[in-house]
Amino acid sequence: MTGLADIQARFAAGVFQGSDAPLADLVDDGRQAARFAVYRNNTHASILDVLADAFPTLQTLLGDRLFTRLVTAFIRNAPSRANHLLDYGAELPGFIALSEPLADRPWLVDVARLDWTRNAAYAAADATPLGPSALQGLTPEALMDLRLSLIPSAVPLASGWPVHAIWMNAAAFADEQIRPRDEHVLVARPGMQVETLLLHPAEHALLAALHGCGSLGEAAMAAQEADPSFDLMTAFAGHLSGGLFTASEP
Amino acid sequence: MKTTSLKSLSVAAALMGAVGMAAALAPVEATAADKVKCYGISKAGQNDCANKAGTHSCAGQSTVDYDGGEWKLATADKCAEMGGQQTAFDGVNDKLKG
């Protein structure tokens, strides 16, 4: 078997699984292993760079040595299935969740998820936000029934770990035993900058309900239920003027 | 149920108030459709994708501050204000470089 598909499959296996001379029967000059190693090492170094860019908080928490070991294992077990690197890394949080050596640091999964959500927000589609004027003149009933979408980059996250505090100052949390504490975060890129905002739990309930395609009334009730003293008006006004919403697709 | 409808009344009032409040706050920023490719305003490593010279193909790879061959998305007004240009140019943006 020396068809092109077979050669490519063996080459890829050599790069990702680490065999030294995957094509020794095709090129046999005695130096194939050394030259192939250059290609393999460059591939691994590039992917390591890409993932270090995508997961800066995770890298700081783990330190360079452990982060490199994690990524090496990830590359071997979950090579990219796309023909570009933009989406590579989406499975890393799940990979960490299954990683036995990291099981004693369960917060890493949510930290990696926040890093990835921020990374995905950079590449998410732009959308024309709905301004307050579009909602002016609606009756209270129409407002309650309104279906708003969050802009494509926006994702509300809930964690049992202080992920926002960790993201703000990862170095302070490196090598620490982190205590569980609920935190809610919104990642969104309304303009050119990715924003990472700490949310009130009721504010998270509001945005999560909208993200799950609930009506504005349902989302507002969910927020009120989460905390009756929550200042719904100011929070919703802030996100509306901040350009967080778009018209929901019919 | 009466309590439910009372609750939803207060929620509706809060939402109505929010719409008015939002209108008074800063207007929603210019949208992506209003942006132009603006050369010469990006810090090293902060460029959007692919430059004029083709020396790199993706975001964040420029190594010179305010290089005239690198672009970011910006509104036309913002671009002019920062001394950028809407076509690539040689050298760096002196206005930002200082």
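Look up: the structure comes first, before these words.
The shown structure was predicted, so the numbers you read here are calculated from the model rather than taken from an experiment.

Brief notes about the overall build of chain B
Then, number 1: Of the regular secondary structure elements, chain B holds three helices and two strands.
Then, number 2: Overall, chain B shows an N-to-C arrangement of helices and strands of α-β-β-α-α.
Then, number 3: A burial count over chain B gives 31% of its 98 residues as buried.
Then, number 4: For chain B, contacts bridging at least 24 residues in sequence account for 57% of all contacts bridging at least 6.
Then, number 5: For chain B, the exposed surface amounts to about 5,600 Å²; the carbon and sulfur share of it is 57%.

Remarks on the overall build of chain A
Then, number 1: For chain A, the helix and strand inventory stands at 11 helices and five strands.
Then, number 2: Relative to its 250 residues, chain A shows a buried fraction of 44%.
Then, number 3: Taking the contacts inside chain A whose residues are at least 6 apart along the sequence as the reference set, 62% of them involve residues at least 24 apart.
Then, number 4: Counting every atom, chain A has about 12,800 Å² of accessible surface; 54% of that belongs to carbon and sulfur.

Quick notes on the interface of chain A and chain B
Then, number 1: Residue-level contacts link 28 residues of chain A with 22 residues of chain B.
Then, number 2: Summing the contributions of chain A and of chain B, the shared interface buries around 2,100 Å²; its carbon and sulfur component is 84%.
Then, number 3: Run the count over chain A and chain B and you get zero residue pairs in polar contact (both at pLDDT 80 or more).
Then, number 4: Residue assignment for the side of chain A that touches chain B shows that the elements contributing at least two residues are helix H6 (140–145), helix H10 (216–226) and helix H11 (232–241) of chain A.
Then, number 5: It is H11 of chain A that provides the largest number of residues to the side of chain A that touches chain B, a total of eight residues.
Then, number 6: Considering only residue class, the side of chain A that touches chain B consists of 17 nonpolar, nine polar and two charged.

Comments concerning the environment of Leu143 of chain A
Then, number 1: With respect to the helices, strands and loops of the structure, Leu143 of chain A is situated in helix H6.
Then, number 2: C-alpha separation for the pair Leu143 of chain A and Ser215 of chain A, spaced 72 residues apart in sequence, amounts to 8.9 Å.

Brief notes about the sheet that holds strand E2 (residues 155–159) of chain A
All names here are of chain A.
Then, number 1: Taking strand neighbours across the sheet as the criterion, the three strands line up as E2-E3-E4 in an open arrangement whose pairing is antiparallel. Either end of the sheet is taken by a strand with one partner, and the two such strands are E2 and strand E4 (195–199). Each neighbouring strand pair of the sheet contributes to a mean axis angle of 25 degrees, computed without reference to strand direction.
Then, number 2: Summarising the sheet, E2 and strand E3 (residues 183–188) pair through five bridges and their orientation is antiparallel.

Brief notes about the environment of Phe230 of chain A
Residue and element names in this part refer to chain A.
Then, number 1: Relative to the helices and strands, Phe230 is located in the loop between H10 and H11.
Then, number 2: You can call Phe230 buried: its relative accessible area is 10%.
Then, number 3: Put simply, Phe230 and His200 are 30 residues apart on the chain and 8.3 Å apart in space, counted from C-alpha to C-alpha.
Then, number 4: If sequence neighbours within four positions are ignored, Phe230 has contacts with His200, Ala202, Glu203, Ala223, Gln224 and Ala235.

A closer look at the packing of helix H9 (residues 201–211) of chain A against H10 of chain A
Residues and elements named next belong to chain A.
Then, number 1: The geometry of H9 relative to H10 is characterised by a closest axis approach of 7 Å and an angle of 155 degrees between their N-to-C directions. Classed by the angle they form, the pair H9 and H10 counts as roughly antiparallel. Two packed elements cross with a definite hand, and for H9 against H10 that hand is right-handed. Residue-level inspection shows Ala202, Ala205, Leu206, Ala209 and Leu210 of H9 in contact with H10, the latter providing Leu216, Ala219, Ala220, Ala222, Ala223 and Ala226.
Then, number 2: Split into classes, the residues belonging to the contact of H9 with H10 amount to 11 nonpolar, no polar and no charged.

Conventions adopted
- Sequence order as written defines the numbering, with residues in each chain counted from 1.
- Chain labels run from A onward and ligand labels from 1 onward, assigned in the order the entries are written.
- Totals for whole chains, interfaces and linings use every residue, but because this is a predicted model, local features are given only for residues with pLDDT of at least 70 and side-chain atom pairs only at 80 or more, for both listing and counting.
- Side-chain numbers come from the whole structure's heavy atoms, not from hydrogens or water.
- Strands are runs of DSSP state E lasting at least 2 residues, helices are runs of H or I lasting at least 4, and numbering of each runs from the N terminus.
- Exposed residues in this analysis have more than 50% of their type's maximum accessible area, buried residues have under 20%, and partly exposed residues fall in between, with area computed by a 1.4 Å probe over protein chains only.
- Note on contacts: a residue pair qualifies if any of its non-hydrogen atoms lie within 4.5 Å across the two residues.
- Throughout, the Shrake-Rupley method with a 1.4 Å probe supplies accessible areas, and for residues the shown protein chains are the sole cover considered.
- Note: buried area is the sum, over both parts, of the accessible area (probe 1.4 Å) each one loses when the two are combined.
- In protein, a polar contact means a hydrogen-donor-capable atom and an acceptor-capable atom, both N or O and within 3.5 Å, with residues adjacent in sequence counting only if both atoms are side-chain atoms; elsewhere, any N or O pair within 3.5 Å suffices.
- Three categories are distinguished: nonpolar for Ala, Val, Leu, Ile, Met, Phe, Trp, Tyr, Cys and Pro, charged for Asp, Glu, Lys and Arg, and polar for the others, with Gly belonging to the last.
- Pairing between strands is defined by DSSP: at least two bridges between the two strands are required.
- Convention adopted: a line fitted to C-alpha atoms gives each axis, helices being fitted over their contacting stretch, and angles between N-to-C directions are expressed from 0 to 180 degrees.
- Comment on the angle field: the value is read as roughly parallel under 35 degrees, roughly antiparallel over 145, roughly perpendicular from 65 to 115, and oblique elsewhere.
- Note: crossing handedness is left-handed where the near helix turns anticlockwise from the far helix by less than a right angle, and right-handed where it turns clockwise.

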